[in-house]
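Summary of the model geometry
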Amino acid sequence: VMLLCVLGLYASGADATLIFDRPAADPFTAGTFFSDVSLPREASTPFQLDAPADVHGIAWRGGYFDAATPGATAAFVIRVFDDVAGAPSDTPFFSAEVLAEVVEFPGVVAEFTYTAQLSKPLWLPGGVTLWISIAESDDATNATFTWRKSSESGTSFSRVDAANGWQPFAGSAAFTLDGVHAAAPVPEPDTSALVAIGVLGVASARARSSRLRCPAS
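A few points on the structure. Starting afresh in each chain, residues are numbered from 1 along the sequence in its written order. Residues qualify for local features only when their pLDDT is at least 70, as the model is predicted, and side-chain atom pairs are given and counted only at 80 or more; totals for whole chains, interfaces and linings, by contrast, use all residues. Processing note: side-chain calculations cover all non-hydrogen atoms of the structure and skip hydrogens and water entirely.

Remarks on the environment of Ser150
Note that Ser150 resides in strand β10 (residues 145-159). C-alpha of Ser150 to C-alpha of Pro23: the two residues are 127 residues apart in sequence and 5.8 Å apart in space. Once residues within four sequence positions are removed from consideration, Ser150 is found in contact with Arg22, Pro23, Ala24, Ala25, Ala30, Ser172, Ala173 and Ala174. Pairing of N or O atoms within 3.5 Å defines a polar contact, subject to two protein rules: one partner must be a possible hydrogen donor and the other a possible acceptor, and residues neighboring in sequence count only if both atoms are side-chain atoms. Among the polar contacts listed, one links the side chain of Ser150 to the backbone oxygen of Pro23, at a separation of 2.8 Å. Each helix is a run of H or I in the DSSP string that is no shorter than four residues. Each strand is a run of E no shorter than two, and both are numbered from the N terminus. Only heavy atoms enter the contact rule, under which two residues are in contact if any of them lie within 4.5 Å.

Considering the pairing of strand β7 (residues 94-105)
Where strand β5 (residues 73-84) meets β7, eight bridges bridge the pair, whose relative direction is antiparallel. Paired with Phe76 across the bridge in β7 is Val98. At least two DSSP bridges between two strands are required for those strands to pair. Here β7 runs beside strand β8 (residues 111-124); their pairing, made up of five bridges, is antiparallel. The residue of β8 that forms the bridge with Glu104 is Phe112.

Points about a nonpolar patch on the surface
A contiguous nonpolar patch, built from Phe34, Leu39 and Phe65 and spanning about 310 Å² of accessible area, is present on the exposed surface. Inspection of the secondary structure puts Phe34 in strand β2 (residues 32-34). Like charges within 9 Å and nonpolar side chains (Val, Leu, Ile, Met, Phe, Trp, Tyr) within 5 Å are joined into patches, using only residues over 30% in relative accessible area that form no salt bridge. The method behind every accessible area is Shrake-Rupley, applied with a 1.4 Å probe, and residues are considered shielded solely by the protein chains displayed. For this analysis, a salt bridge means a side-chain nitrogen from Lys or Arg found within 4 Å of a carboxyl oxygen belonging to Asp or Glu.

Digging into empty space enclosed by the protein
Using a 1 Å grid laid over the protein atoms alone, points where a 1.4 Å probe fits but cannot get out form a cavity; open sets with protein on both sides within 12 Å along at least 5 of 7 lines form a pocket; any residue with an atom within 4 Å of a point counts as lining. Grid points are joined across faces, edges and corners, and a volume is the space filled by probe spheres set on the points. The final tally for this structure, using the stated rule, is one cavity of 30 Å³ or more. Considering only enclosed or pocket space, the largest cavity measures out at about 80 Å³ in volume. Lining the largest cavity, in full, are Phe47, Val55, Gly57, Ile58, Ile78, Val80, Phe94, Leu118, Leu122, Leu124, Ile132 and Leu177. Listed by contribution, the elements that provide at least two residues to the lining of the largest cavity are β4 (53-64), β5 and β8. We call Asp, Glu, Lys and Arg charged. Ala, Val, Leu, Ile, Met, Phe, Trp, Tyr, Cys and Pro are nonpolar, and the rest, Gly among them, are polar. Here the lining of the largest cavity is built from residues that sort into 11 nonpolar, one polar and no charged.

Some words on the nonpolar core
Residues belong to one nonpolar core when they are buried, are Ala, Val, Leu, Ile, Met, Phe, Trp, Tyr or Cys, and are joined through side-chain atoms within 4.5 Å. Relative accessibility under 20% of the residue-type maximum defines a buried residue, over 50% an exposed one, and the middle range a partly exposed one, all with a 1.4 Å probe and only protein chains included. In this structure, Phe47, Trp60, Tyr114 and Trp147 are the most contacted members of the largest nonpolar core, which totals 36 residues. Among the elements that take part in this core, β8 stands out by supplying six residues, more than any other. Aside from chain neighbours lying at most four places away, what touches Trp60 is Phe76, Ile78, Ala100, Phe112, Thr113, Tyr114, Ala116, Ile134, Phe145, Trp147, Ala174 and Phe175. Of all hydrophobic cores here, the second largest spans five residues; its members include Ala87, Trp131, Phe157 and Trp166.

Considerations on the pairing of strand β9 (residues 130-136)
Counted residue by residue, β9 has seven buried out of seven residues, so it is predominantly covered. The alternating pattern of β9 places Leu130, Ile132, Ile134 and Glu136 on one face and Trp131, Ser133 and Ala135 on the opposite face, and all of these are buried. With four bridges joining them, strand β3 (residues 42-47) and β9 adopt antiparallel strand pairing. Paired with Thr45 across the two strands is Ile132, which belongs to β9. Where β5 lies against β9, seven bridges are found, and the strand directions are antiparallel. In the strand pairing of β9, Asp82 is matched with Leu130.

Given below as structure tokens:
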């Protein structure tokens, strides 16, 4: 509920709702993925929206291998990839650095809930498998971040960097997405298209002017 309230402020005139929910498992029934820029290690897990939507915010749970305690905020890199033969593509079609709010999650082990909102909505299609990675990039924690799993079933992937490629691992990472269901945005014409239209318009106008000046035969 608190997440919806925080992220709802960014809904740009519409109420943000929970559009994807994969809850974290009890820490004793599912493990974690290492996902930390400084390690380096990036974990990516698959997901699919029921319908097209503008994503405004994201939340996830995790902790630190070195039993560190983060501050009130922590820096992360969030990336979204297309699916290629059941694995993430090498290059993300979306990448953003975010500053997530951190709240300690009560429990036997030291864990935290992270919430972040995007600087602008990210439109994602529905009914299509995509992959998301969440990796900590905050030097202040000086510890290795671990992303909480939702279960040990399914397959996620991890990599050191793009040059080394993705390697499969068992389990699905937990996270939620907030946003507004929306149809695909209408693409705006790029600069070259506008210039071409302008050139054609000028040429047409000159042709008409020439015809008007020609004497009748």
